[in-house]
Amino acid sequence: MKEVSLKIVNNGGIIRSIQNHGIRQVPHRFKAKYADREGNRYYEKGRFISVFYDANPNVMRQVEGILNLNEEILRNTHLRATNKFMDVNNMRENKNPYVQKILAE
């Protein structure tokens, strides 16, 4: 997590929050690329962590590269969070809920 956080901050990004969801059952048995020190290759439990950050797409690709190269990380997912400003900035009238509301009145 430290390496990912430093990559984001050093490239002009902002970390909004880091949440540790603890160790939980995974939806199905995960297979690691390589066996760990104890020889385990299949995992039924894992630590779930969420990192919310703002950065440019280039930094996001770099973070994905760091996560993919780390052998201790079994799976990772990047999602783009939406906010209210995306709707306001949408210039297409048929897609913008605020313009639709005004046109309906």
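A brief report on the enclosed structure follows. (Residues numbered from 1 in each chain as written. Predicted model: local features only at pLDDT ≥ 70, side-chain atom pairs only at ≥ 80, totals over all residues. Heavy atoms only, no water.)

A word on the overall build of the chain
A count of helices and strands for the chain gives 4 helices and 2 strands. Out of the 105 residues in the chain, the part that is buried amounts to 15%. Contacts in the chain between residues at least 24 apart in sequence constitute 50% of all its contacts with a sequence separation of at least 6. (Helix = DSSP H or I, 4+ residues; strand = E, 2+ residues; numbered from the N terminus. Buried < 20%, exposed > 50% of the residue type's maximum accessible area, 1.4 Å probe, protein only. Contact = heavy atoms within 4.5 Å.)

Digging into helix H2 (residues 57–69)
For H2, spanning 13 residues, the distance from its first C-alpha to its last is 19 Å, which sits close to the expected 18 Å at 1.5 Å a residue. Within H2, the full set of buried residues consists of Val59, Val63, Ile66 and Leu67. Buried residues of H2 fall within an arc of 95 degrees about the axis and therefore sit on the same side. Exposed residues pointing more than 90 degrees away from the buried face of H2 are listed as Pro57, Arg61 and Leu69. Buried positions along H2 lie against helix H1 (2–10) and strand S2 (42–54). (Expected span 1.5 Å × (residues − 1). Arc of directions from axis to C-beta.)

Brief notes about the nonpolar core
Across soluble globular proteins, you tend to see nonpolar side chains buried next to one another. In this structure, Val4, Ile8, Tyr53, Val59, Val63, Ile66 and Leu67 together form the largest nonpolar core, which totals 7 residues. Of all the secondary-structure elements, those providing two or more residues to this core are H1 and H2. Per-element accounting of this core gives the leading share, 4 residues, to H2. Excluding anything up to four places from it in sequence, Val63 contacts Val4, Lys7, Ile8, Tyr53 and His78. (Core = buried A, V, L, I, M, F, W, Y, C linked by side-chain atoms within 4.5 Å.)

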